[in-house]
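# Examination of the molecular architecture
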Amino acid sequence: MTVIIIRPARSADVEDIVAMLADDPLGASRERPGDPRYAEAFAELDADPRQVLAVAELDGELVGTLQLTFIPGLSRVGATRALIEAVRVRSDLRGGGLGKQLVEWAIDEAKQAGCALIQLTTDASRAKAHRFYERLGFQASHVGMKLVF
Ligand SMILES: CC(C)(COP(=O)(O)OP(=O)(O)OC[C@H]1O[C@@H](n2cnc3c(N)ncnc32)[C@H](O)[C@@H]1OP(=O)(O)O)[C@@H](O)C(=O)NCCC(=O)NCCS
């Protein structure tokens, strides 16, 4: 098994992270690599203790990313939940077990932070990703809804 190092992202990683977000059929139309707004967004994330933008590193190269957010709340007796967003493994390395390591890392982080649950949404068209998450224990128990501005 190829073992990756998972660490918080640094500002120098932003370009590579954006490249991974864009290197995907859905991301390609949504992302604009080179746009200065990514650096502003990173600064905001980095200053927020409830956000972890994580990267996976293999032999000094970035090979994956995800964003983990801790959401405090009143429901479930004041439980904090974790949210996973923007999961990507570099396209030439998909299917090799890196995504599993990345998401299992996020699950462990959420447990260690005392979260009551971890949740995510994944585009309805991503059948492979649905299978991937189900194998990691996630259940499609809810219907995700979005209103995009
Ligand atoms: C989904 C993703 C993060 C999984 O990471 P990974 O390293 O490829 O996954 P693993 O090797 O640990 O697990 C393989 C499983 O991932 C799933 N998978 C999803 N998209 C895949 C892809 N493009 N290529 C290969 N496997 C993919 C499959 O279920 C696969 O299992 P299978 O071999 O039985 O089909 C990664 O494939 C990816 O970045 N895909 C494109 C973007 C995406 O769908 N992101 C999730 C948005 S919520």
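If you're wondering where the values come from, they're calculated on a predicted model, not measured in any experiment.

Before going further, it helps to examine the overall build of the protein chain. A count of helices and strands for the protein chain gives six helices and five strands. The secondary structure elements of the protein chain, listed N-terminal to C-terminal, are β-α-α-α-β-β-α-β-α-β-α. For the protein chain, whose C-alpha radius of gyration is 15 Å, the value lies close to the compact-globule estimate of 15 Å for 149 residues. With respect to the three principal axes, the spread of C-alpha positions in the protein chain is 40 × 35 × 35 Å. Put simply, the protein chain has 149 residues, and 37% of those count as buried. Counting contacts in the protein chain only where the partners sit at least 6 residues apart, residues at least 24 apart contribute 59% of the total. Carbon and sulfur atoms provide 54% of the accessible area of the protein chain, an area that totals close to 9,800 Å².

With that out of the way, let us pick up the site of the ligand. What surrounds the ligand is a group of 20 residues, the closest being G95, G97, G99, R131 and R135. Separating an oxygen atom of the ligand from a backbone N or O atom of V89 is a distance of 2.9 Å. R126 has a polar side-chain atom sitting 3.1 Å from an oxygen atom of the ligand. Relative to its unbound accessible area of 830 Å², the ligand is 81% covered by the protein chains. Breaking the shell around the ligand down by element, the ones donating at least two residues are β4 (81-89), α5 (98-112) and α6 (127-135). When its residues are assigned to classes, the shell around the ligand shows six nonpolar, six polar and eight charged.

What follows covers unusual backbone geometry. In this model, R76 sits at a positive phi of 60°, which is unusual for a non-glycine residue. Within the element layout of this structure, R76 appears in helix α4 (residues 75-78). Phi is positive for A86, which is not a glycine, with a value near 50°. Relative to the helices and strands, A86 is located in strand β4. Of the residues examined, A86 reaches a relative accessible area of 30% and is grouped as partly exposed.

Rules and cut-offs
- Residue numbers restart at each chain and count upward from 1, following the sequence in its written direction.
- Confidence filtering applies because this is a predicted model: local features only for residues at pLDDT of at least 70, side-chain atom pairs given and counted only at 80 or more, and all residues used for totals across whole chains, interfaces and linings.
- Only hydrogens and water are set aside; all other atoms, that is, all heavy atoms of the structure, feed into the side-chain values.
- Every helix listed is a DSSP run of H or I at least four residues long, and every strand listed is a run of E at least two residues long, numbered separately from the N terminus.
- Radius of gyration here uses only the C-alpha atoms, and the compact-globule reference equals 2.2 Å multiplied by the residue count raised to the power 0.38.
- Categorising residues by exposure relies on relative accessible area from a 1.4 Å probe, with only protein chains included: less than 20% of the type maximum marks a residue as buried, more than 50% marks it as exposed, and the intermediate range marks it as partly exposed.
- Whether two residues touch is decided by their heavy atoms; if any such pair falls within 4.5 Å, the residues are in contact.
- Throughout, the Shrake-Rupley method with a 1.4 Å probe supplies accessible areas, and for residues the shown protein chains are the sole cover considered.
- Proximity is defined per residue: if any heavy atom of the residue lies within 4 Å of a molecule or strand, that residue is considered near it.
- Pairs of N or O atoms within 3.5 Å make up the polar contacts considered here, provided that, within protein, one atom can donate a hydrogen while the other can accept it, and that residues adjacent in sequence are counted only when both atoms are side-chain atoms.
- Classification used: nonpolar for Ala, Val, Leu, Ile, Met, Phe, Trp, Tyr, Cys and Pro, charged for Asp, Glu, Lys and Arg, polar for all others including Gly.

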